[in-house]
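Residues per chain, in single letters:
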Amino acid sequence: LSLDHSKSVGGLIPVKLLKLGVERCSPILATLFNSAINTGVFPHDLKLADIIPCHKKDSALEKSNYRPISLLPTISKVFERLMVNQMLPFLYTFLSKFLCGFRKGHSTQHALINLLERWQNHLSSGDKVGALLMDLSKAFDVLPHNLLLAKLQAYGFESPSLNLIQSYLFNRNHRVRISSIFSEWLNLGFLKAQY
């Protein structure tokens, strides 16, 4: 019910329709999600994404001036939210209290305030202060999925959970949508699991 029906989605079921049929859909979706969790297999049809090129800046004739937006099926978004809500409380026990990225109630302002306070304390004591800053805005795009799975295993995720996450990450299918024209499905088969 908390899904935003004003946002675009892929797949055949609009958010508004799913919300209207929530009473009938919920038991079916619960069975689907529980089956996926028990088998460790994320449903293939929920991994079908429509990619829409979104113009960023400058000339619309240059492909480098577009960024891809991936639209997943509505049901996939519901399942992802379920997975995140179950995983985050466990993961937060391992994360530094100073980590601000991708955490609810934290932002770049929190990180900056913390750094400024620490720098001020050190400067007041006559210490020298330095900082090494890196742009990790595309970090997840280049993170090897096998490394992510190994890290989750080190944190204590067990095989059924790891299998589900691995199934979610690998062998996803995409197609490009421009207006109402779709490309062929592209199976990113080269992203086969090595885990």
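Residues numbered from 1 in each chain as written. Predicted model: local features only at pLDDT ≥ 70, side-chain atom pairs only at ≥ 80, totals over all residues. Heavy atoms only, no water.

Naming follows an unreviewed UniProt entry, where the chain appears as Reverse transcriptase domain-containing protein of Clytia hemisphaerica.

J.: Could you clarify how one ought to interpret the pairing of strand S3 (residues 173–178) in this entry?
T.: A regular strand carries its side chains on alternate faces of the sheet. One ladder, built from four bridges, connects strand S1 (residues 48–55) with S3; its direction is parallel. Looking at S3, one finds that alanine 49 is bridged to histidine 174. Summarising the sheet, S3 and strand S5 (residues 186–187) pair through two bridges and their orientation is antiparallel. Each residue of the ladder has a partner; that of histidine 174, found in S5, is leucine 186. Linking S3 to strand S4 (residues 181–182), which pair antiparallel, is a turn of two residues; within it serine 179 sits at a positive phi near 55°. (Pairing = 2+ DSSP bridges. Helix = DSSP H or I, 4+ residues; strand = E, 2+ residues; numbered from the N terminus.)

J.: Just checking my understanding: could you explain helix H6 (residues 145–155) for this structure?
T.: For an α-helix, 3.6 residues make a turn, and residues three or four places apart therefore share a direction. Listing the buried residues of H6 in full gives His145, Leu149 and Leu152. In an axial view of H6, the angular spread of the buried residues amounts to 60°, which keeps them on one side of the axis. Those residues of H6 that are exposed and aimed more than 90 degrees away from the buried face are Leu147 and Ala154. Against helix H3 (74–92) and helix H7 (159–169) lie the buried residues of H6. In the stretch just after H6, glycine 156 is the one whose phi turns positive, near 110°. (Buried < 20%, exposed > 50% of the residue type's maximum accessible area, 1.4 Å probe, protein only. Arc of directions from axis to C-beta. Contact = heavy atoms within 4.5 Å.)

J.: Which parts of the structure should I look at to understand the pattern of salt bridges?
T.: When the charged atoms of two side chains with opposite charge come close together, those side chains can pair. Across all of its chains, the model carries one salt bridge by this definition. Residue arginine 175 is joined to aspartate 50 by a salt bridge in which the shortest nitrogen-to-oxygen separation is 2.6 Å. Taken together, the residues span a long stretch of sequence, with arginine 175 in strand S3 and aspartate 50 in strand S1 at a distance of 125 residues. Classification of aspartate 50 as buried rests on a relative accessible area of 4%. (Salt bridge = Lys/Arg side-chain N within 4 Å of Asp/Glu carboxyl O.)

J.: Which parts of the structure should I look at to understand a nonpolar patch on the surface?
T.: Together, Leu12, Ile13, Leu17 and Leu20 line one region of the surface with nonpolar side chains, adding up to about 480 Å² of accessible area. Structurally, leucine 17 is set in helix H1 (residues 15–20). (Patch = residues over 30% accessible without salt bridge, like charges linked within 9 Å, V, L, I, M, F, W, Y side chains within 5 Å. Areas by Shrake-Rupley, 256 points an atom, 1.4 Å probe, with all protein chains shown as cover.)

J.: What should I look at first to understand the packing of H6 against H7 in this one?
T.: Pairs of packed helices are described in terms of their axes, by the angle between the two and the distance that separates them. With their axes 11 Å apart at the nearest point, H6 and H7 run at an angle of 165° to one another. As far as their axial angle goes, H7 and H6 are roughly antiparallel. Handedness of the H6/H7 crossing: right-handed. Counted together, His145, Leu148, Leu149, Leu152 and Gln153 of H6 and Leu162, Ile165, Gln166 and Leu169 of H7 form the full contact between these two elements. Across the contact of H6 with H7, the residue classes break down as six nonpolar, three polar and no charged. (Axes fitted to C-alpha atoms, helices over the stretch in contact; angles between N-to-C directions. Parallel < 35°, antiparallel > 145°, perpendicular 65-115°, else oblique. Left-handed = near helix turned anticlockwise from the far one by under 90°. Nonpolar A, V, L, I, M, F, W, Y, C, P; charged D, E, K, R; others polar.)

J.: How should the environment of asparagine 65 be read in this particular structure?
T.: Tracing the chain through its elements places asparagine 65 in the loop between S1 and strand S2 (66–71). Here asparagine 65 is in contact with Cys54, His55, Lys56, Lys57, Asp58 and Ser59, once residues within four sequence places are set aside. A polar atom in the side chain of asparagine 65 sits 2.9 Å from the backbone oxygen of serine 59. (Polar contact = N/O pair within 3.5 Å; in protein donor to acceptor, adjacent residues only side chain to side chain.)

J.: So what exactly am I meant to see when it comes to the pairing of S1 here?
T.: Two elements, S1 and S2, share six bridges in a ladder whose sense is antiparallel. Each bridged residue has a counterpart across the sheet, and for isoleucine 52 the counterpart in S2 is isoleucine 69.

J.: How do you make sense of the nonpolar core when you look at a structure like this?
T.: Side chains of a nonpolar character, in soluble globular proteins, are inclined to be buried together. Phe79 and Ile165 are the most contacted members of the largest nonpolar core, which has 18 residues in total. Mapped onto this core, the elements with two or more residues apiece are helix H2 (22–39), H3, H6 and H7. (Core = buried A, V, L, I, M, F, W, Y, C linked by side-chain atoms within 4.5 Å.)

J.: Any chance you could explain the packing of aromatic side chains here in plain terms?
T.: Ring pairs (aromatic) are described by centroid distance and by the angle formed between their planes. Under the defined criterion, the tally for this structure stands at six aromatic pairs. Arranged with centres 4.9 Å apart and planes meeting at 80°, the rings of phenylalanine 42 and tyrosine 168 form a pair that is edge-to-face. Taken as a pair, phenylalanine 42 in the loop between H2 and S1 and tyrosine 168 in helix H7 lie far apart in primary sequence, 126 residues in all. We classify phenylalanine 42 as buried; its relative accessible area is 1%. On the basis of an interplanar angle of 65° and a centroid distance of 5.3 Å, the ring pair of phenylalanine 90 and phenylalanine 94 is categorised as edge-to-face. Looking at phenylalanine 90, the relative accessible area reads 35%, which means it is partly exposed. (Phe/Tyr/Trp six-rings, centres within 6.5 Å; stacked < 30°, edge-to-face > 60°.)

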